[in-house]
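Next come the chains, spelled out residue by residue.
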Amino acid sequence: MRPAARVVLCRIILFLLVVFCSAGCAGLGVDPLPLRDPAVDRAWPPPPSSPRVRFLREITGPQQIVPNQGKFRQLWEIVTGEEQLAIPFLTPYGIASDGAGLLCVADTSARTVQCYDLTKREVHYILQAGDEPLASPVGVALDAASNVLVSDSVNSKVYIFSPQGEFLRELGSGAVRFQRPAGIAVAVNGDVYVVDVLAHKLKVFEKTGRYIGEFPREGSGEPLYLPSNVAVDRAGHVYITDSMNFTVKKYDRDGNYLRSFGEIGDAPGSFARPRGVAVDSDLHVYVVDATFDNFQIFDQEGKLLLFVGKPGKGPGEFYLPSGIFIDRNDRIFVSDTYNKRIQVFEYLRQGTP
């Protein structure tokens, strides 16, 4: 097509688009992604026990989120040459949700963070921080303003982006250096917690970015050994996956050690490769184990309450899972890493139908 004819056709399409939307954009509206798949009915524990965790759905990537906009979109792509980027999951790891429709997933192999608006059915990608490409995004978290915090284990930095993916700044640049940042979490008061794997520490920042200090305190008698992930409950207690000590350690907000969950072993309640950690509204502690292909749920005394999952590809089955996040609605998001998907569950409080 000649350039002049292409310009004319583009103008015609733009005119039709304006007319179409001035009439109410009929046909362009989309329904939010349903967070429960009616075709699947699975819950744990199985009957006759009362269910406490229910499977909702799986999310396999952007093609599932962004709806097909039909022939009009196809015509627009032909004329303008614009094609919507669709990066599939390769090895999803860190995961976070704001509970209102925004879901962000760090994919280490794809070197990107995918952020989904499940309400508008849109996706955008975070591929670089300014002029610096992401090399190995591992951890992701959202603050109260839905800014996206991303830890990059190879670049040894933690970046902060706007909800739209615009690079804002680095966390702790200059004054604080990371060796290998991994898991990241934001507390209710805005404090930011970053696991530094090779430093065997958890580094803590105020919401302003000012560095506060690190866990565990020197001489505490409970050192971390290659920690990987972190979660913070509503009371400000901090839970750290102490990977090579095969346990999860709980601290108060001042970094004082309180207790541990689990130990090395192959029986329920023990760990082989503990990964992500999260806490629900009743303060139950969830721990993903990549070897067992499940997540285990503990009470605050460290007693095992339930485990969910086994090896496989079906609902509630996993292949080397890693990250876990529980939103304010008690929806449980698990990175089913080598099945290249996210599985979504919900915690059913006592009396939930």
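To be clear, the structure that these remarks concern was listed above.
The shown structure was predicted, so the numbers you read here are calculated from the model rather than taken from an experiment.

One pass over the full model with this rule turns up 14 salt bridges. Here Glu 346 and Arg 54 are joined by a salt bridge, their closest N and O atoms 2.4 Å apart. Highlighted residues: Glu 346 in strand 29 (residues 341-347) and Arg 54 in strand 2 (residues 53-59), separated in sequence by 292 residues. Here the two residues Glu 346 and Arg 54 agree in accessibility, since each one is buried. Here Glu 206 and Arg 210 are joined by a salt bridge, their closest N and O atoms 2.9 Å apart. With relative accessibility at 27%, the residue Glu 206 sits in the partly exposed group. Look at the salt bridges and you will find they share partners, linking Glu 58, Asp 336 and Arg 341 into a network.

Relative to the elements of secondary structure, Val 113 occurs in strand 5 (residues 112-117). Apart from residues lying up to four places away in sequence, Val 113 is in contact with Cys 104, Val 105, Ala 106, His 124, Tyr 125, Ile 126, Leu 134, Pro 137, Val 140 and Val 150.

Locating Ser 243 in the fold gives a position in the loop between strand 18 (238-242) and strand 19 (247-251). Classification of Ser 243 by relative accessible area gives buried; the value is 8%. Looking at Ser 243, its side chain comes within polar contact range of the main-chain oxygen of Leu 226, at 3.4 Å. Residues contacting Ser 243, with those up to four places away along its chain left out, are Tyr 225, Leu 226, Pro 227, Ser 228, Pro 274 and Arg 275.

This part covers the packing of aromatic side chains. Per the stated rule, a full pass over the model turns up 19 aromatic pairs. For the pair Phe 55 and Phe 345, a centre-to-centre distance of 5.6 Å together with 80° between the ring planes defines the contact as edge-to-face. Taken together, the residues Phe 55 in strand 2 and Phe 345 in strand 29 connect sequence positions 290 residues apart. Relative accessible area serves as the criterion here: at 3%, Phe 55 is assigned to the buried category. Relative accessible area serves as the criterion here: at 0%, Phe 345 is assigned to the buried category. Between Phe 318 and Phe 345, the ring centres sit 6.2 Å apart and the planes meet at 40°, which makes this aromatic pair tilted. With Phe 318 in strand 26 (residues 317-318) and Phe 345 in strand 29, the pair connects residues that are 27 residues apart, well separated along the chain. Judged by relative accessible area, which is 1%, Phe 318 ranks as buried. Of the aromatic side chains, those joined through ring pairs into one cluster are Trp 44, Phe 55, Tyr 286, Phe 295, Phe 318 and Phe 345. Across the ring face of Phe 261, the terminal group of Arg 259 is positioned such that the distance to the ring centre comes to 5.6 Å.

We now examine the sheet that holds strand 29. Taken together, the 5 strands give an open sheet; going across it, the order is 1-2-29-28-27, and neighbouring strands pair in antiparallel fashion. Looking at the sheet topology across the chains shown, the edges are occupied by strand 1 (43-44) and strand 27 (324-326). Summarising the sheet, strand 28 (residues 331-336) and strand 29 pair through 6 bridges and their orientation is antiparallel. Residue Phe 333 lies in a different strand from strand 29, and its bridge partner there is Val 344.

The rules behind these values
Residues numbered from 1 in each chain as written. Predicted model: local features only at pLDDT ≥ 70, side-chain atom pairs only at ≥ 80, totals over all residues. Heavy atoms only, no water. Salt bridge = Lys/Arg side-chain N within 4 Å of Asp/Glu carboxyl O. Helix = DSSP H or I, 4+ residues; strand = E, 2+ residues; numbered from the N terminus. Buried < 20%, exposed > 50% of the residue type's maximum accessible area, 1.4 Å probe, protein only. Contact = heavy atoms within 4.5 Å. Polar contact = N/O pair within 3.5 Å; in protein donor to acceptor, adjacent residues only side chain to side chain. Phe/Tyr/Trp six-rings, centres within 6.5 Å; stacked < 30°, edge-to-face > 60°. Lys NZ or Arg CZ within 6 Å of the ring centre and 35° of its normal. Pairing = 2+ DSSP bridges.

Remember that the coordinates give geometry; whether it matters functionally is a separate question.
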